[in-house]
Structures are given as structure tokens and as C-alpha cells.
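# Inside the fold
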Amino acid sequence: MKNIYGVLLLLNINLAYSQKTPFISHITQTLVKDIGDDVEMACSTVYSKEFNVLWVKVTKDQIDESIVLSSGSTIIVNDPRVTLMSEINPDGSRYVLQIHDIQEVDASIYRCEVMIGLNNKISADTELLVRRPPFIYDNSTRSLVVVEGHSVQLECFAGGYPTPRILWKRPNNAILSIGISMYSGNILKIPAIQKEDRGTYYCVAENGVGKGTRRRISIDIKFPPVITVLQTRVGQAVLYDTFLECHVEAYPPPAIVWMYNGVQLSNNQNYLISEFATADDKIDMSLKIMKIINHLYGDYICRASNILGTTETTITVYETVLPQCPPVCED
């Protein structure tokens, strides 16, 4: 394309026998169009009959790759969507560049040039902006795994025209850690993330064209085990079943054991251990002491460990005269 441009310059050097200097009297102002529309861009010149006039598509940030669309009254570019209407007169001429069925690739700067000499020209620019629904760039955050208490930065960048607005939300409009249900901006900062902040976040991009778009971002929080129990003291009569429960939250998933008198328990004639995961980071742990007898009363420890730490809670089992119902009192 550079060669074509150079040839056009050489072929159209004017001998400057006219005493009047050409100039561009008018060019269409910036246009905003939708995909599929037609557009006309007009360039009016004065005293340019003896000079060559070009329409050039200027690629932003890549000036050397600009494309010559027309020369004088002739279309150069091989694109059936692009046509030219021209009116050439001694005192004033008009060149109207037409683009039919506009596409995203047509958004650009368009330059009207009057070639006065090999390195001498005058020009004027207009710009065609094409409305485009928002889209989210791949360099936006997708998912994160972070340690509790660390600072977290979620990033979301979107393209489209007009420039999209970025909103941050959580499912069901849940409150963000910064205390509001919606935040506007490309970057959402969480200074010291807590386990309650884990879950799904949405980056939403809107610009009034189409329905907008969004990206789902998942955050997993690494945190040491947290144990909760309904009762720290459980009473039961001799020869009745006793049930102990502890609820554990941790990520990564922890190893959970029951301890009694310094010994790790396992399933046998006295004990039945059950474990049920209610979520990736939540586990219910139960210990059934079957037909408890005197030497099985005492302190039982629920202990949970992962790479971030170990936590334990003690449940004391004591003897009662009457059986405790529930959980069970069947014969």
C-alpha cells in the first residue's frame, strides 16, 4: 500500500501553474453510527481542480498502514461497500465518500488530502465512530484463591462504544465488603479479605447498546479451621447412646479427628464417626458413643487441621441419672 501511495504522489505532482493555493473549505464532522448503517463523509475543496485529492483511512497508532481509498474521482480500495461521488469544478470541488453496511472495522479516522507536491499536501480529518455493545477484555480477573486477611484487587476492563460503564455486584444484590451493594469502577479493592467475602462476584459492563455483558468471578479464601458446636457439655445416662457434633469451616478442606484421653478415635464397638460435607469449605462431623458406660465419660476433642493452622474444641460428656431425650431413648 505504501507503493501505491508513493506512485500516486509522483503521478500527481502539480506544476503549480495556478497562482491560487488550494485549500479545504469543509469536511464532515465526527459521525456516530450503528452497525449496518450507511454513512457519507464529504470533503469540499477550493482551487483544487489541477491537484489530486485523496480519501485515506488512517489506522490509529499505525499511520504507516493507512489505506488510500480514492484518488480524484476514482475508488482505489477493493471493497464493494465503499463508493465515491465527486463534483469537480474550477473554483470548488466536492468529494463524498460513502460506506454502506457499516461494520466495526470501519471505525477510524478518515483524512481528505490535497496533494500539492511530492512532500507537500494539505489535509483535514474526520472520524467515524461505530456503536458497539460492550465486551470484556481477557485481561480482566477471572477467579482468585487468596489467603484470609490479604489485600485483593479485582479488575475488569471493557471495550465498546460508547465507553462502557463498569459495575461490581454480588448475587441477589448482597452487600459488598466495602459496605454497598454496587460499586462503579474498573477496579474493586478489598483491603483485608475475610472468609465471609468468598463466593461469586459479577463485573457488569453497560453502554446503552444492547443488553450489556457480565463476567462471573469466583473467589476462594484460604483460612484456618473454625469450629462451632451446639453444646460444649452433653449429658447422658449409662447404657444410652450419646451424640456429639461439631461443625467445621476451613479452606483448603481440613483433616478432622475426634480425640479422647489423647487417643485418636476410630470406628469400633464403642464409637461410630460420621462426616458430611455441606459445601467445599463446610463439614459436619459427628461422634456416636454407643451405649455409653462409666469409663467413656469425660472430655472429647474435635480437632481440625489444614495448612493454615489447627483448631480444636472440647465437648464434655457427663453422666445423668435419667436418659436425655432426644436424641434417642428407644429401648
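This is a predicted model, so every value here is computed, not measured.

Moving on to the overall build of the protein. A tally of helices and strands in the protein yields 1 helix and 26 strands. Since a compact globule built from 331 residues should have a radius of gyration of about 20 Å, the 38 Å found for the protein marks it as more spread out than a globular shape. For the C-alpha atoms alone, the extent of the protein along its principal axes is close to 120 × 35 × 30 Å. The buried share of the protein, taken over its 331 residues, is 40%. Summarising the internal contacts of the protein: among those between residues at least 6 apart in sequence, 62% fall at separations of at least 24. Surface exposure of the protein reaches about 18100 Å², of which carbon and sulfur atoms provide 50%. Of the charged side chains in the protein, 29 are positive and 36 negative; the average position of the first set lies 4 Å away from that of the second.

Following the criterion strictly, the structure yields 3 disulfides and no others. A sulfur-sulfur distance of 1.6 Å marks the disulfide that ties cysteine 156 to cysteine 203. As the torsion about the S-S bond is roughly -55°, the cysteine 156-cysteine 203 disulfide counts as left-handed. Residue cysteine 156 is located in the loop between strand 12 (152-155) and strand 13 (158-161), and its partner cysteine 203 is located in strand 17 (residues 199-206); the two are separated by 47 residues in the primary sequence. Residue class for cysteine 203 comes out buried when judged on its relative accessible area of 0%.

All right, on to the UniProt feature "domain: Ig-like" (unreviewed entry) in the protein then. Mapped onto this numbering, the UniProt entry annotates "domain: Ig-like" (unreviewed entry) at residues 22-123, 134-218 and 225-316. Each end of residues 134-218 is marked by a C-alpha atom, and these two atoms are 21 Å apart; helix forms 0% of the span and strand 48%. A helix fraction of 0% and a strand fraction of 65% characterise residues 225-316, whose end C-alpha atoms lie 21 Å from each other.

Overall, mixed pairing links the 5 strands, which are arranged 19-26-25-21-22 in an open sheet. Only two strands of the sheet have a single partner each, and these edge strands are strand 19 (233-236) and strand 22 (263-264). Relative to strand 26 (residues 309-319), strand 19 is paired through 4 bridges, and the arrangement is parallel. Note that in strand 26 the partner of valine 234 across the bridge is valine 317.

Below, the discussion takes up the sheet that holds strand 7 (residues 82-87). For sheets, the rule is that strands pair by backbone hydrogen bonds, running either parallel or antiparallel. With antiparallel pairing, 4 strands are arranged side by side in an open sheet as 1-3-8-7. The sheet is open, and its two edges are formed by strand 1 (23-27) and strand 7, each paired on a single side. Across the sheet, the axes of successive neighbouring strands diverge by a mean angle of 20°, strand direction being ignored. Relative to strand 3 (residues 39-46), strand 1 runs antiparallel, the two being bridged by 4 bridges. Note on strand 3: the bridge partner recorded for phenylalanine 23 is valine 46.

So, about the side chain of threonine 200. Relative to the helices and strands, threonine 200 is located in strand 17. In this structure threonine 200 comes out as buried when scored by relative accessible area, which is 14%. A polar side-chain atom of threonine 200 sits 3.1 Å from a polar atom in the side chain of arginine 216. Those residues in contact with threonine 200 that lie beyond four places of it in its chain are Arg170, Pro171, Arg216 and Ile217.

For the bond running from tyrosine 161 to proline 162, omega is 0°, close enough to zero to count as cis. With respect to the element layout, proline 162 can be found in the loop between strand 13 and strand 14 (165-169). Phi at leucine 239 takes a positive value of approximately 75°, unusual for a residue other than glycine. Relative accessible area serves as the criterion here: at 53%, leucine 239 is assigned to the exposed category. For asparagine 261, which is not a glycine, the phi torsion comes out positive at approximately 55°.

Bringing the packing of aromatic side chains into the picture now. Tallying each qualifying case throughout the model produces 4 aromatic pairs. With 4.3 Å between their ring centres and 15° between their planes, tyrosine 260 and tyrosine 300 make a pair best called stacked. With tyrosine 260 in strand 21 (residues 255-260) and tyrosine 300 in strand 25 (residues 298-306), the pair connects residues that are 40 residues apart, well separated along the chain. The burial state of tyrosine 260 is the same as that of tyrosine 300; both residues are buried. Ring-pair connections join several aromatic residues into one group, and the members of that group are Tyr260, Tyr271 and Tyr300. Taking NZ or CZ as reference, arginine 170 lies 4.2 Å from the ring centre of tyrosine 201, over its face.

Quick notes on the rules
- Residues numbered from 1 in each chain as written.
- Predicted model: local features only at pLDDT ≥ 70, side-chain atom pairs only at ≥ 80, totals over all residues.
- Heavy atoms only, no water.
- Helix = DSSP H or I, 4+ residues; strand = E, 2+ residues; numbered from the N terminus.
- Rg over C-alpha atoms; globule rule 2.2 N^0.38 Å.
- Buried < 20%, exposed > 50% of the residue type's maximum accessible area, 1.4 Å probe, protein only.
- Contact = heavy atoms within 4.5 Å.
- Areas by Shrake-Rupley, 256 points an atom, 1.4 Å probe, with all protein chains shown as cover.
- Lys, Arg positive; Asp, Glu negative; His and termini not counted.
- Charge placed at Lys NZ, Arg CZ, Asp CG, Glu CD.
- Disulfide = S-S within 2.5 Å.
- UniProt positions renumbered as here; feature names shortened; annotations may be inferred.
- Pairing = 2+ DSSP bridges.
- Axes fitted to C-alpha atoms, helices over the stretch in contact; angles between N-to-C directions.
- Polar contact = N/O pair within 3.5 Å; in protein donor to acceptor, adjacent residues only side chain to side chain.
- Phe/Tyr/Trp six-rings, centres within 6.5 Å; stacked < 30°, edge-to-face > 60°.
- Lys NZ or Arg CZ within 6 Å of the ring centre and 35° of its normal.

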